[in-house]
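Here is how the chains run, residue by residue.
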Amino acid sequence: MTVQLAQQVQEILGQSDLVIITERVDDVALLIGQMVKMGFVEVLDRHIPRHWKQRGISWGWTAVIWLAYILTEGDHRKVSVEAYIKGMKTTLSRLSTQVIDPLDCSDDRLGHLLTHLSQPTYWHRIEEELNAHSIEVYALPHDVIRCDATTVSGDHDVRDGGLLQFGYSKDDPSRPQIKVMTGALDPLGMPLATDVLSGERADDGLYIPLIERIASGLNTTGLLVVGDCKMSALATRAYVATHQHFYLSPLPLTGTTAEAMAEWISAGSGHGSAGKLDRICRVKARGDEVLVAEGYEVERPCCLEAGTTEWRERVLVVRSPVHAERQAAGLETRLAHAEQKLAALTPARGRGKRQITDEATLLTAIEHVLKAQRVEGLLTVTWERQVERHTHYVGRGRGSAIREQRVRETIRYHITHITRREGPIADLLQRLGWKAFVTNATPERLSLADAVLCYRNDYRIERIFNRLKSRVSSAPLFVKRDDQIQGLTYLLTLGVRVLTVLEFVLRRSLEQEHATLPCLHPENRQKMTNTPTAERLLQAFSDVSLTIFKTAAGEHILQRLTPLSALQQDILQRLELDLSLYQQLEIHDTGK
């Protein structure tokens, strides 16, 4: 905008027009400062080669500026970054201490960055060095690793050998997908290693390469690797055990485990009746102690094949009362639905009421209902064959005593009783809530209670996937080529890494000082919290803007920043970021 100046200012400047520009700084300075502290610029510049004719900013700064845009705007499209930089040129130039040109983040240049990131030789080294840097700078515990996989769908064409393939998906099975395999640092939830693979692949064979990379990068033994039941494949457990690490995962109810589970549950029920189950409790935020689970453990030998290295593992048989109650409520709901659907199979005669006239059809329908509601063997269904006979005269005209008659039979099958089998239902109720875990860690390294509580923190890696799909908006993917999809996914995991470190460092500071932060909940400004999320602390910087005063010739006269609030200054200090991150944006007189 252009305004007319007062006479005295006109005399000083020697002109009558002043250009005023406003840039929304918000959390951009915080994010860039955090990424610089985490070593993004140096690490990326060290491992991504720079062409000798390449001009403009380095690959590290290109990635940092693009990530700042993604985390602020929730948009990973390449085409929109150049326009964004045009409106943030002064802020970004001051923060990076170099002149930033919109063409530094053009669509082509960002595409080249993704191509570099998609190269395993570059990406694996970047991950390894970033992990070492973060663990050292923030003194992060690194003895527990959590592994899991997710899928990201896209509106792409499926081709042979491509990344986008149809496969099992909890999101949208009708669309092709990629598979993202991640290993995260627990309890921080920071991604340590990520693999992008084709969407049709099963999870079982993806754990060993990921664990191998993480263990090699951390250069240590004795890691505890936690995963879901797909990680409990015998080959994966054998690899972890033979490399002097520990595993913890639930056993799937398939194969020999399903047979052994019945015996383990029977033994557990006996221990429970005798009061010999170990009780596992957790203290809630308000100090209340609640029963989480109860269980026992047995030990057994394991080996991958006959003649190979053998190791001992513990089977932790655990029952969750809350889970058992939920399963019992679900069983009751399914039984009620099954009874209702069975009764509806044979309605009373009436207009529009279709009848079953064949016993085989009735049996098939009953079996379908019981299977759909998963209540086979729990209900007894009885039915009867009903026959109605109607006499009709043969031919047309009025009847008489000597006219030939014909008898027509109408057959229908009617369900008369639906009875619950109380014995099998009672047996099933006693078996609800049980789950078996396996670990090769000793009781001194991982007790029964610690194992259960550790596994129950699986939401931490799910938060990575949630942020990957929401905050940094990996779904849907706005790139087409496989190398671009891989590179973009890797870049977005760096954004998730920033969010997790921000959140962890701030919460650790609040916990150490027994402090809380106000005004992070817009719906209740008085609410205090000691566990703020990264999203809310970034939102606390949503009102910071930089006002730039320039002459018509483009000379900067004055730059003023919205004063930081006490909350914003407190957050920066707890993140160990200097206030100069924002203060350096200002120019108080023409001599600066």
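The rules behind each value
- Every residue gets a number counted from 1 within its own chain, in the order that chain's sequence is written.
- Whole-chain, interface and lining totals are the exception, using all residues; otherwise, since this is a predicted model, local features are given only for residues with pLDDT of at least 70 and side-chain atom pairs are given and counted only at 80 or more.
- Hydrogens and water are ignored here; the side-chain numbers use all heavy atoms of the structure.
- Counting from the N terminus, the helices are the DSSP runs of H or I reaching at least four residues and the strands are the DSSP runs of E reaching at least two.
- Our radius of gyration looks at C-alpha atoms and nothing else; its globule reference is 2.2 Å times the residue count to the power 0.38.
- Burial classes follow relative accessibility: with a 1.4 Å probe on protein chains only, a residue under 20% of its type's maximum area counts as buried, one over 50% as exposed, and anything between as partly exposed.
- The contact criterion used throughout is that any non-hydrogen atoms of two residues lie within 4.5 Å.
- His is not counted, nor are the chain ends; Lys and Arg add positive charge and Asp and Glu add negative charge.
- To locate a charge, take atom NZ for lysine, CZ for arginine, CG for aspartate or CD for glutamate.
- Here the expected length of a helix is defined as 1.5 Å per residue gap, with one fewer gap than residues.
- Pairing between strands requires that DSSP locate at least two bridges from one strand to the other.
- To obtain an axis, a line is fitted to C-alpha atoms, over the contacting stretch when the element is a helix, and the angle between two such axes runs from 0 to 180 degrees between their N-to-C directions.
- Per residue, pLDDT measures the predictor's confidence, with a range of 0 to 100.
- Here, nonpolar core means buried Ala, Val, Leu, Ile, Met, Phe, Trp, Tyr and Cys residues that are tied together by side-chain atoms lying within 4.5 Å of each other.
- The rule is short: rings of Phe, Tyr and Trp, with Trp giving its six-membered ring, pair when the centres are within 6.5 Å, and they are stacked under 30 degrees, edge-to-face over 60, tilted in between.
- When a carboxyl oxygen of Asp or Glu is within 4 Å of a side-chain nitrogen of Lys or Arg, the pair counts as a salt bridge.

Concerning the overall build of the chain
Scanning the chain from N- to C-terminus turns up 20 helices and 15 strands. Relative to a compact globule of 592 residues, whose C-alpha radius of gyration would be 25 Å, the chain shows 33 Å and is clearly more extended. By its C-alpha atoms, the chain is 130 × 75 × 55 Å across when sized along the principal axes. Expressed as a percentage of its 592 residues, the buried residues of the chain come to 47%. A sequence separation of at least 24 residues applies to 68% of the contacts in the chain between residues at least 6 apart. Between the centroid of the 71 positive side chains of the chain and the centroid of its 74 negative side chains there is a distance of 7 Å.

Examining helix α17 (residues 482–513)
Given a rise of 1.5 Å per residue, 32 residues ought to cover 46 Å, and the 47 Å separating the end C-alpha atoms of α17 matches this to within 8%. Counting buried positions over the 32 residues of α17 gives 27, a clear majority of the element. At the exit of α17 stands H514, carrying a positive phi of roughly 50 degrees.

Some details on the side chain of T500
One can find T500 in helix α17. The residues contacting T500, other than those within four sequence positions of it, are L188, G189, M190, P191 and R467.

Notes on the sheet that holds strand β5 (residues 190–198)
One open sheet holds the 9 strands; their spatial order is β5-β4-β3-β6-β7-β13-β10-β9-β8, and the pairing between them is mixed. Of all the strands in the sheet, the pair left with one neighbour each is β5 and β8 (278–283). Across the sheet, the axes of successive neighbouring strands diverge by a mean angle of 25 degrees, strand direction being ignored. Sheet topology places strand β7 (residues 246–250) next to strand β13 (residues 434–439); 3 bridges connect them, and they run antiparallel. By the bridge assignment, S249 is partnered in β13 with V438. In the packing of helix α16 (residues 459–469) onto the sheet, contacts are made with β3 (144–153), β4 (177–186) and β5, and the angle to β3 comes to roughly 30 degrees.

Thoughts on the confidence of the model for the chain
Of the residues in the chain, 96% have a pLDDT of 70 or more, and the chain-wide mean is 88. Confidence, expressed as mean pLDDT per element, reaches its minimum in the chain at strand β1 (residues 2–4) with 44 and its maximum at helix α2 (residues 28–37) with 95. Low pLDDT, under 50, characterises residues 1–6; the predicted model gives this stretch 16 contacts beyond four residues in sequence or across chains.

A few points about the nonpolar core
Counting residues in hydrophobic clusters, the biggest one holds 133 residues, and the most contacted among them are L30, W66, L491 and Y582. With 15 residues, α17 is the single largest residue contributor to this core. Once residues within four sequence positions are removed from consideration, W66 is found in contact with H76, R77, K78, V81, L110, L113, L114, L488 and L491.

Overview of helix α10 (residues 234–242)
Every buried residue belonging to α10 is among T236, R237, A238, Y239, V240 and A241, and all of these are buried. Directly beyond the C-terminal end of α10, a positive phi value near 60 degrees is found at Q244.

Observations regarding the packing of aromatic side chains
Counted according to the given criterion, the structure contains 4 aromatic pairs. An angle of 15 degrees between the planes, with centres 4.6 Å apart, marks the rings of W123 and Y490 as stacked. Of this pair, W123 sits in helix α8 (residues 120–138) while Y490 is found in helix α17, placing the two residues 367 residues apart along the sequence. This pair shows no difference in class: W123 is buried, exactly as Y490 is.

Structural notes on the pattern of salt bridges
Inspection of every chain in the model, using the stated rule, returns 28 salt bridges. Residue R175 pairs with D155 through a salt bridge whose shortest N-O separation is 3.3 Å. Of this pair, R175 sits in the loop between β3 and β4 while D155 sits in the loop between β3 and β4, placing them 20 residues apart in sequence. We note a salt bridge from R574 to E513, for which the minimum N-O separation is 3.1 Å. Linking R574 in helix α19 (residues 566–574) with E513 in helix α17, this pair joins segments that are 61 residues apart in sequence. Salt bridges linked by common partners bring R463, R467, E503, R507 and E535 together as one network.

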